[in-house]
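# Close look at the chain arrangement
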Amino acid sequence: MSAKHTFHLQSQDKQRDLPRKVIIGQQDTETIAHIVLKLFAYILFYRPRLQLEIDLQRDTFAFVPDLVELDYQLRPKLWIECGECSMNKLHKLAVKLPDTEFWVVKRSEVAARDLVRAMEKEEFRRDRYSVVGLDLAMFNEVCNLIQPRNEMFWVNATFDSPNMQFDFNGLWFDAPFTVLRY
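Read on for a plain summary of the structure. (Residues numbered from 1 in each chain as written. Predicted model: local features only at pLDDT ≥ 70, side-chain atom pairs only at ≥ 80, totals over all residues. Heavy atoms only, no water.)

### Re the overall build of the chain
Looking only at helices and strands, the chain has four helices and eleven strands in total. Relative to a compact globule of 182 residues, whose C-alpha radius of gyration would be 16 Å, the chain shows 16 Å and is just as compact. Considering only C-alpha atoms, the chain reaches an extent of 45 × 35 × 30 Å along its principal axes. Looking at the chain as a whole, 51% of its 182 residues are labelled buried. Considering only contacts within the chain whose residues lie at least 6 apart along the sequence, 55% involve residues at least 24 apart. About 9,700 Å² of surface is accessible on the chain, with carbon and sulfur atoms providing 46% of the total. Each charge class in the chain was averaged separately, 24 positive and 26 negative side chains, and the resulting centres sit 4 Å apart. (Helix = DSSP H or I, 4+ residues; strand = E, 2+ residues; numbered from the N terminus. Rg over C-alpha atoms; globule rule 2.2 N^0.38 Å. Buried < 20%, exposed > 50% of the residue type's maximum accessible area, 1.4 Å probe, protein only. Contact = heavy atoms within 4.5 Å. Areas by Shrake-Rupley, 256 points an atom, 1.4 Å probe, with all protein chains shown as cover. Lys, Arg positive; Asp, Glu negative; His and termini not counted. Charge placed at Lys NZ, Arg CZ, Asp CG, Glu CD.)

In structure tokens form, the structure reads like this:
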């Protein structure tokens, strides 16, 4: 691990009873952008059993999710990939985990739409994937603000008319995001 980033969280959002602190380790090959994507994925999809980068140690596949929620039989219930993810991996996951809900979080709407087009071209199974495309300007600004220790006050996020509101390291953000289904 090359670095770790601590996020002190406060939440006003009644649907997200976030923990007071989250630590996200940055591996040697990871960028700050990937750390920020994991942070947003963690908050947007927060559930008490949601975990960051755990090795599932399964013989059937060798993939490690960016975020995962396991059911009580320790099978993936929710699987979230952040940023770049190979089409081969996405296809294999959907085949091997037919009851799992899959989300991919991308840095922009353009990147999200590109992924959906690639899925169409590869003729992926329909109704298996959901993709979030963040607001690129907001995403880039948060990446520039990231420090080893960070403060985030989360106000809310809605998927009905996709939007999020939060304060990150003293700057206020009110940003839309895109949700695509495939």
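### A look at a positive patch on the surface
Taken together, Lys 4, Arg 20, Lys 21 and Arg 149 make up a surface patch of like positive charges. Tracing the sequence through the fold places Arg 20 in the loop between β1 (3–11) and β2 (21–26). The exposed category is assigned to Arg 20, whose relative accessible area is 72%. (Patch = residues over 30% accessible without salt bridge, like charges linked within 9 Å, V, L, I, M, F, W, Y side chains within 5 Å. Salt bridge = Lys/Arg side-chain N within 4 Å of Asp/Glu carboxyl O.)

### A few points about the nonpolar core
In globular proteins that are soluble, nonpolar side chains generally tend to be buried together. Counting residues in hydrophobic clusters, the biggest one holds 41 residues, and the most contacted among them are Phe 40, Ile 80, Leu 134, Trp 154, Met 164, Phe 166 and Phe 168. The dominant element in this core, judged by the number of residues it contributes, is helix α1 (residues 32–44), at ten residues. Core analysis: the second largest hydrophobic core is formed by 22 residues, Val 68, Leu 70, Trp 79 and Tyr 182 among them. (Core = buried A, V, L, I, M, F, W, Y, C linked by side-chain atoms within 4.5 Å.)

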